[in-house]
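The chain contents come next:
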Amino acid sequence: MILELFIAILIGCFFGIITGLTPGIHINLVALLAFSASPFLLQFISPLSISVFIIAMSITHTFLDALPSIFLGAPDADQALSVLPGHRLLHQGRGYEAVMLTAIGSLLATIATLIIVPILIPLIKIGYPLIQKYIPYILILASIFLITKEKKLKAWALFIFLLSGVLGIAVLNLPTLKQPLLPLLSGLFGTSILFMSLFEKTKIPPQTITAPRLDKKETAKMISSGVVASSLCGFLPGLGSAQAAILALTPFKKTTPESFLILIGAINTIVMIISFIAIYTIDKARSGSVVIISKIMGSLTFSDFIIFLIATLISAVIAFYLTKGLSLIFSKLITKVNYQKLALAIIILVTSVVLALSGPIGFIVLFISTALGIIPSLVGVGKNHMMGCLILPVILYFLL
Amino acid sequence: MDKANLLNICLIISIIGIISLLLLLEVSQPEYYQIKDITKKQVDTQIKIEGKIISTKDLPGILILDVKDNSSKITVIAFKDFPIKELKNGISIETIGKVTEYQRQLEIIADEIKIKNDS
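Owing to the predicted nature of the structure, the values given are computational and were not obtained by experimental measurement.

What counts as what
Residues numbered from 1 in each chain as written. Chains lettered and ligands numbered in written order. Predicted model: local features only at pLDDT ≥ 70, side-chain atom pairs only at ≥ 80, totals over all residues. Heavy atoms only, no water. Helix = DSSP H or I, 4+ residues; strand = E, 2+ residues; numbered from the N terminus. Buried < 20%, exposed > 50% of the residue type's maximum accessible area, 1.4 Å probe, protein only. Contact = heavy atoms within 4.5 Å. Pairing = 2+ DSSP bridges. Buried area = accessible area lost by both parts, 1.4 Å probe. Salt bridge = Lys/Arg side-chain N within 4 Å of Asp/Glu carboxyl O. Polar contact = N/O pair within 3.5 Å; in protein donor to acceptor, adjacent residues only side chain to side chain. Nonpolar A, V, L, I, M, F, W, Y, C, P; charged D, E, K, R; others polar. Expected span 1.5 Å × (residues − 1). Patch = residues over 30% accessible without salt bridge, like charges linked within 9 Å, V, L, I, M, F, W, Y side chains within 5 Å. Areas by Shrake-Rupley, 256 points an atom, 1.4 Å probe, with all protein chains shown as cover.

J.: Whenever I open this one, the overall build of chain B confuses me. Can you help?
T.: When helices and strands are counted, chain B shows one helix and six strands. Ordered by position from the N terminus, the helices and strands of chain B form the series α-β-β-β-β-β-β. The burial tally for chain B puts 40% of its 119 residues in the buried class.

And the structure:
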């Protein structure tokens, strides 16, 4: 059994490399494919191994998605905020350092979160029923807070939030659309960014390999702020890494690109770990891959949960070294690869996957959400407002 | 193409696209199925069934109904504010909901439950 679980971790890490490095191919898609194949797979392996595979993939993904975000300027939804500071370092020839800062953030955050799990479990168990009634109001307040945090373009932020929200309501309620989140999120956060990178045709300077410079006090501040903000956002429906990052930055007047990247890396991983804790403590799936775990496992026992946490730690250590090795390769290759061709190939791949899994209506949704996803980049407003596509339907679900 | 033009095009596609999806949502009705015809192909799609409640299980926050038509039976999960008190054994209902798979069994997560007059 232990060998089977370890192999599941290794295969999960391998798939995490694919999803992490390929913008537009989300862990939810691979988790869904694993679920579709589960009637066959379960003849040979246990449901626990499939779940551990999904956990290892998810954790590895949160380490490696910094690579396309920083080197290619093509982040997924969780890494949307890391593009600017990451790109700034990339244009100084410090892309490797930028990626390693997020990886260090992710690894330290994993260790910190696992240490405080005994505190988080009762906190979430007691706290969630108390705030459950107020979730729509908390989400409304959180949305207003995030929109007003935009320095100049509050009207655009509100417009994008509402437009994404209406799109989400339409897409999530279409009776004949299968896997509605796939075209919706791929368009808003994947293909739209790839399209913009085709449009902008940026040139990357040669990269030098420099070790990240860490200020211990600053790092500790970022990790603790990340843990608090992610714990608040991670178990509420609709809120994710981007929202947690804005919340975590609120107490600080000024942050350097280095500490910002540590924070982004940390939050991305903590939110994923919190979603594992939420499924065990309050039986609520807060991410697509965790929905699949809950479907495969049914109810979770305490020993399943402990195995999940051990798998999380092992995957995080493997993912850290994978990130280190792959960012070295990326640093050498980035000036040689034709990024435009690569982006176009990924757009074609994502479109084919959407057509296969969601059909022609899914393709139309992908087209509309890609157009909408391009707007924030053009007007210079945060992409996190597009999470309105999930937040607004959740608010209406609770209120109506 | 400059950025201003691209922005206008994206705005037009987004707004017209979203309005079209809302219109499609308004006209598209979930397909009616006999329970025996529901397979894994329908997972994640919204369908309509009619049948009689043969058992109910009241849990905190949800009501689990077993619904039977003249072909087979299926579990229907009612999460929200349905007329729970009226949903008793022997009552005929019409349900619209999404087909899901839970522990390898197909079930319907109800979005709408109407009590039929013939019950």
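J.: Is there a simple way to explain the side chain of Ser143 of chain A in this structure?
T.: Considering the arrangement of structural elements, one finds Ser143 of chain A in helix α9 (residues 135-148). Setting aside residues up to four positions removed in sequence, Ser143 of chain A forms contacts with Phe161 and Ile391 of chain A.

J.: Where do I start with the pairing of strand β4 (residues 73-78) of chain B in this structure?
T.: Each regular strand shows side chains that alternate between the opposite faces of the sheet. Residue and element names in this part refer to chain B. Here six bridges tie strand β3 (residues 62-68) to β4, and the two strands are oriented antiparallel to one another. What sits directly across from Ile64, in β4, is Ile77. Connecting β3 to the next strand, β4, in antiparallel fashion are four residues.

J.: Honestly, the interface of chain B and chain A in this entry has me stumped. Any pointers?
T.: Of the residues lining the interface, 33 residues belong to chain B; the matching set on chain A comes to 40 residues. With both sides pooled, the region where chain B packs onto chain A buries about 3000 Å², and carbon together with sulfur makes up 72% of that total. Our count for the chain B to chain A interface comes out at zero salt bridges. At the surface where chain B touches chain A, the tally comes to two residue pairs in polar contact (both at pLDDT 80 or more). Among the elements of the structure, α1 (3-27) and β5 (92-102) of chain B are those that each provide at least two residues to the side of chain B that touches chain A. Sort the elements by how many residues they give to the side of chain B that touches chain A and α1 of chain B lands first, with 14 residues. A breakdown of the residues in the side of chain B that touches chain A according to their chemical character gives 16 nonpolar, eight polar and nine charged.

J.: I would appreciate a short explanation of helix α10 (residues 154-173) of chain A in the present structure.
T.: Over its 20 residues, α10 of chain A extends 29 Å from the first C-alpha to the last, a length consistent with the 28 Å expected when each residue adds 1.5 Å. Residues of α10 of chain A that are buried include every one of Ala157, Ile160, Phe161, Leu163, Ser164, Gly165, Leu167, Gly168, Ala170 and Val171 of chain A, and no others. The secondary structure elements touched by the buried residues of α10 of chain A are α9, α11 (181-200), α17 (339-379) and α18 (388-399) of chain A together with α1 of chain B.

J.: Is there a simple way to think about a nonpolar patch on the surface in this case?
T.: All names here are of chain A. A cluster of nonpolar side chains, contributed by Tyr134, Tyr137, Ile140, Leu141, Ile144, Leu396, Leu399 and Leu400, occupies part of the molecular surface with about 800 Å² of accessible area. Looking at the nonpolar patch, the elements with two or more residues in it are α9 and α18. Ranked by residues supplied to the nonpolar patch, first place goes to α9 with four residues. Tracing the sequence through the fold places Ile140 in helix α9. Residue class for Ile140 comes out partly exposed when judged on its relative accessible area of 31%.

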